[in-house]
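So the chains spell out like this:
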Amino acid sequence: MNLFGGIRHEGDRDLDTLPPIPENCTENELLDYLVLVIARHLSCNVAFKGGYMLNQLIPTFSRVTHDIDFSVSEKSNYDEVKNVLKTICDKFKNENYIESYKIKEIADLTHSGGVDMYDSDGKKILGVDVGIHDISFGITHYNLSFTDVDGFNVERMLADKLTAITTRKRFRRTKDLYDFYVITNYFDVDLDKLSDYVGRRGNVEWDNIPFDDTIIVQYQRAWDKLNIEIYDDVSAFKKPDFDIVLRRFYQIAMSIKLKLDVHKWESKNERCI
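Quick look at the structure, then. Keep in mind that what you see is a predicted model, and the values were worked out from it rather than measured. (Residues numbered from 1 in each chain as written. Predicted model: local features only at pLDDT ≥ 70, side-chain atom pairs only at ≥ 80, totals over all residues. Heavy atoms only, no water.)

Within this structure, the stated rule accounts for zero disulfides. Looking at the unpaired Cys25, the closest cysteine sulfur is the one in Cys89, lying at 14 Å. (Disulfide = S-S within 2.5 Å.)

Encoded structure:
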């Protein structure tokens, strides 16, 4: 059964025809609603990515997220995006799912846009992150339970994670290392595609890997502080050891850096417990 009353219909862009929100909607269902409306009502091409898409692809051991992430190809698309986000947030507010929201006014190649939504205590409870990126490559079509969407493929997701891990972002985005490990646990990876996407993305700091001892000590501390929540098997979940996830990252990243004659990574299907 479709929670929101129907699949996407081409040409259905009227913001006055938003589907109703079911009573007592959970946070996950609100995220699904955001995705449904964005996919249905934006006229520009959209590619979903990030933790939300990982939850759709790996529902057991992907981490809990309170946001959705997507990219559009042009800065000029953002005015339409803001209009759709405002309409959704006003509906959430009118139906008492949020108390307030703040939309980011600008999005460009170096700054993401989106919206943060807050409860009555001023705590952020939901969010949308919007990037301006080239979405002419590394995109696949996904059939979700409630609608169909375009999103980053596995190699494109990994390219983003790999690039960030080589930079100082690694210390404030330690979750990228966990995502990298989980993706490569459950999906085969075309390493030729991954290498191509990393090159297209740019800004990878190859000289930083393998990391020196100082970085490894800092990264270990950040990893130890990282709190991972998952949706299933919570009682059995144990965050993998830092040495294990770092070794996995090196296996793949170094094969690309050194241009080794390796073309495929085969998933390990190891349980993260």
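For the rest of this paragraph, the subject is the packing of aromatic side chains. For the coordinates displayed, the defined rule picks out twelve aromatic pairs. Look at Tyr33 and Phe92: their rings are 5.8 Å apart centre to centre, the planes differ by 45°, and that puts the pair in the tilted class. On the criterion of sequence distance, the pair formed by Tyr33 in helix α1 (residues 27–41) and Phe92 in helix α3 (residues 78–94) is long-range, its members being 59 residues apart. Looking at Phe92, the relative accessible area reads 0%, which means it is buried. With a centroid separation of 5.6 Å and 75° between ring planes, the pair formed by Tyr219 and Phe242 is classed as edge-to-face. Of this pair, Tyr219 sits in helix α7 (residues 213–225) while Phe242 is found in helix α8 (residues 242–257), placing the two residues 23 residues apart along the sequence. In this pair, the class of Tyr219 matches that of Phe242, namely buried. (Phe/Tyr/Trp six-rings, centres within 6.5 Å; stacked < 30°, edge-to-face > 60°. Helix = DSSP H or I, 4+ residues; strand = E, 2+ residues; numbered from the N terminus. Buried < 20%, exposed > 50% of the residue type's maximum accessible area, 1.4 Å probe, protein only.)

Bringing the side chain of Lys82 into the picture now. Looking at where Lys82 falls in the secondary structure, it is placed in helix α3. When near neighbours in sequence (up to four residues on either side) are disregarded, Lys82 contacts Ile103, Lys104 and Glu105. (Contact = heavy atoms within 4.5 Å.)

Looking now at the layout of surface pockets. Taken as a whole, the largest pocket encloses approximately 1500 Å³ of empty space. Where the lining of the largest pocket is concerned, the elements lending two or more residues are α2 (50–57), β2 (67–72), β4 (113–118), β5 (124–132), α4 (154–165), α5 (175–186) and α6 (191–201). Classifying every residue of the lining of the largest pocket gives twelve nonpolar, 14 polar and 22 charged. (1 Å grid on protein atoms, 1.4 Å probe; cavity = no way out; pocket = protein on both sides within 12 Å on 5 of 7 lines; lining within 4 Å. Points joined across faces, edges and corners; volume = space filled by probe spheres on them. Nonpolar A, V, L, I, M, F, W, Y, C, P; charged D, E, K, R; others polar.)

Turning to a nonpolar patch on the surface, a few remarks are in order. Together, Leu258, Leu260 and Val262 make up an exposed nonpolar region whose accessible area comes to about 260 Å². For Leu260, the position within the fold is in the loop between α8 and β9 (264–265). (Patch = residues over 30% accessible without salt bridge, like charges linked within 9 Å, V, L, I, M, F, W, Y side chains within 5 Å. Areas by Shrake-Rupley, 256 points an atom, 1.4 Å probe, with all protein chains shown as cover. Salt bridge = Lys/Arg side-chain N within 4 Å of Asp/Glu carboxyl O.)

Moving on, we come to empty space enclosed by the protein. This structure, assessed with the given rule, holds one cavity of 30 Å³ or more. Roughly 40 Å³ of volume is contained in the largest cavity. If you trace the largest cavity, you find it lined by Gly51, Leu54, Asn55, Ser62, Arg63, Tyr178, Asp179 and Val182. Of all elements in the fold, only α2 and α5 reach the threshold of two or more residues within the lining of the largest cavity. The residue makeup of the lining of the largest cavity, split by class, is three nonpolar, three polar and two charged.

So, about the environment of Met53. By the secondary structure assignment, Met53 is in helix α2. For Met53, a relative accessible area of 0% translates into the label buried. The spacing of Met53 and Asn153 is 100 residues in sequence and 9.8 Å in space, taken between C-alpha atoms. Every residue in contact with Met53, bar those within four places of it in the chain, is listed here: Phe48, Tyr142, Val149 and Met157.

Once that is clear, we can look at the side chain of Ser255. Locating Ser255 in the fold gives a position in helix α8. Apart from the residues within four sequence positions on either side, Ser255 is in contact with Leu191, Tyr250 and Leu260.

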